[in-house]
Amino acid sequence: MTVSLQQRVINILTTPATEWPVIAAESETIADLYTKYIAIVAAIPAVAYLLRGSVRFAVLTYLIQLLSVVVCAYVIAWLGPKFNSSGEPVAGLKMVAYANTAAWVGGIFNLIPWVGWILTALISLYGIYLYYLGLTPVMKTPSGQVIPFMLVSAILVIVVGFVLGLILTPLFIGGMLLS
């Protein structure tokens, strides 16, 4: 990452059309993206739950975020060539990580009982727009393939999140972990 973490978050949220080409040009590894961006920004919703006193839900949220990002990145990289796009895992991870920024930052609203999740969900919708803007510069998706790629990606990302939730939630809520 050639800019600071704070500046990257601000740029992707406020000027995504100019930030995506910068992101696309960076040569980062999966480890770089995880340690310098994902692990930090994805912790925001979990920290909010932790501050509300829900240790189990904080850990569960964080684990699902960290796992789903990498699984979704590989799914998007696998899908790429089917939409005349890049099939590079790093490009897929960039798409997932930076498009999730709005949801992760919005996760601070999890501090607010009962309605925080609604605010987080509304802010998360901005991630769809971020993803849309990033497909062409990062994944090299032709303009005619952007919408179909987005739709198929969205379905698969929802499935991944649902499956990970089904697998991990009983472990935490049922008391098997963190008892």
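Here the structure is a predicted model, which means the values were calculated and not measured.

(A) Highlighting the overall build of the protein chain. Per the secondary structure count, the protein chain includes ten helices and zero strands. Seen in sequence order, the protein chain has helices and strands lined up from the N terminus as α-α-α-α-α-α-α-α-α-α. In terms of overall dimensions, the protein chain is globule-like: its C-alpha atoms have a radius of gyration of 16 Å, near the 16 Å expected for 179 residues. Across its three principal axes, the protein chain shows a C-alpha extent of roughly 50 × 30 × 30 Å. Contacts spanning at least 24 positions in sequence make up 72% of the contacts within the protein chain whose residues lie at least 6 apart.

(B) Structural detail: the packing of helix 2 (residues 16–25) against helix 9 (residues 126–139). Where helix 2 meets helix 9, the axes come as close as 9 Å, and the angle between the chain directions of the two elements is 45 degrees. It follows from the interaxial angle that helix 2 and helix 9 lie oblique. With respect to the hand of their crossing, helix 2 and helix 9 are arranged in right-handed fashion. In this structure, helix 2 uses P16, A17, W20, P21, I23 and A24 to contact helix 9, whose residues at the interface are Y126, Y129, L130, L133, G134, P137 and V138.

(C) Up close: the side chain of E19. Of note, E19 is situated in helix 2. You can call E19 buried: its relative accessible area is 5%. Among the polar contacts listed, one links the side chain of E19 to the side chain of N11, at a separation of 3.1 Å. The residues contacting E19, other than those within four sequence positions of it, are V3, R8, N11 and I12.

(D) Spatial organisation of the environment of T29. Within the secondary structure, T29 sits in the loop between helix 2 and helix 3 (30–41). In this structure T29 comes out as partly exposed when scored by relative accessible area, which is 40%. Residues T29 and M1, spaced 28 residues apart in sequence, show a C-alpha to C-alpha distance of 9.9 Å. A polar contact is formed between the side chain of T29 and the backbone nitrogen of D32, at a distance of 3.0 Å.

(E) Broad picture of the nonpolar core. With 36 residues, the main nonpolar core has W20, Y37, I38, Y131, L135 and F149 as its most contacted residues. If you list the elements that add at least two residues to this core, you get helix 1 (5–14), helix 2, helix 3, helix 5 (55–79), helix 6 (89–99), helix 7 (101–106), helix 9 and helix 10 (146–173). Considering every element that reaches this core, the biggest residue donor is helix 6, with seven residues.

(F) Broad picture of unusual backbone geometry. If you check the backbone angles, N84 has positive phi at about 55 degrees while not being a glycine. Within the secondary structure, N84 sits in the loop between helix 5 and helix 6. Classification of N84 as exposed rests on a relative accessible area of 52%. One non-glycine residue with positive phi stands out, namely K140, at about 60 degrees. Take K140: it is sitting in the loop between helix 9 and helix 10.

What counts, and where the lines are drawn
- Residues numbered from 1 in each chain as written.
- Predicted model: local features only at pLDDT ≥ 70, side-chain atom pairs only at ≥ 80, totals over all residues.
- Heavy atoms only, no water.
- Helix = DSSP H or I, 4+ residues; strand = E, 2+ residues; numbered from the N terminus.
- Rg over C-alpha atoms; globule rule 2.2 N^0.38 Å.
- Contact = heavy atoms within 4.5 Å.
- Axes fitted to C-alpha atoms, helices over the stretch in contact; angles between N-to-C directions.
- Parallel < 35°, antiparallel > 145°, perpendicular 65-115°, else oblique.
- Left-handed = near helix turned anticlockwise from the far one by under 90°.
- Buried < 20%, exposed > 50% of the residue type's maximum accessible area, 1.4 Å probe, protein only.
- Polar contact = N/O pair within 3.5 Å; in protein donor to acceptor, adjacent residues only side chain to side chain.
- Core = buried A, V, L, I, M, F, W, Y, C linked by side-chain atoms within 4.5 Å.

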